[in-house]
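# Notes for the structure review
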Amino acid sequence: MSKNEKELEQISTTDKLKAFRTLKDAGLRVEMSGSGVPTVVCASASDMDKELKNVKKILKELRYNGSFGVRGPRRSDQILAEDVIEKKEEEQESAIPA
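Summarised in this report is the structure supplied together with it. (Residues numbered from 1 in each chain as written. Predicted model: local features only at pLDDT ≥ 70, side-chain atom pairs only at ≥ 80, totals over all residues. Heavy atoms only, no water.)

With that settled, consider the pattern of salt bridges. Evaluation of the coordinates by the stated rule reveals 1 salt bridge. Measuring nitrogen to oxygen at the nearest pair gives 3.1 Å for the salt bridge that ties Glu31 to Arg71. Taken together, the positions of Glu31 in strand E1 (residues 30-32) and Arg71 in strand E3 (residues 69-71) put the pair 40 residues apart, joining distant regions of the chain. Taking the relative accessible area as the measure of exposure, Glu31 reaches 25% and is therefore partly exposed. Assessed through its relative accessible area of 13%, Arg71 is described here as buried. (Salt bridge = Lys/Arg side-chain N within 4 Å of Asp/Glu carboxyl O. Helix = DSSP H or I, 4+ residues; strand = E, 2+ residues; numbered from the N terminus. Buried < 20%, exposed > 50% of the residue type's maximum accessible area, 1.4 Å probe, protein only.)

Attention shifts here to the side chain of Glu51. Take Glu51: it is sitting in helix H3 (residues 48-62). Put simply, Glu51 is tucked away with no salt bridge, and the nearest opposite charge, on Lys50, sits 4.7 Å away. Apart from residues no more than four positions distant in its own chain, Glu51 is found in contact with Leu28, Cys42 and Val70. (Lys, Arg positive; Asp, Glu negative; His and termini not counted. Contact = heavy atoms within 4.5 Å.)

What follows is the structure in structure tokens.
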């Protein structure tokens, strides 16, 4: 077994969760995929290159050698984001100034 394979086998779930929390604390939108890989969701597909460099830097400081992902938004993400924005606008309009 090569050294790389051995290191990858030793990456535990706690390392992935630690990477997930660190990315989330850095202000990034993060999700765990079905296989348990922390994935950063970018606001637009054009932001992926910039976010990838940022994520690599953060994970390197953490000494995380495991898998991670960076993806653009899905249509369902955009619909959910629009709903959240509408709700926030409604709340601001209904708030009574003090």
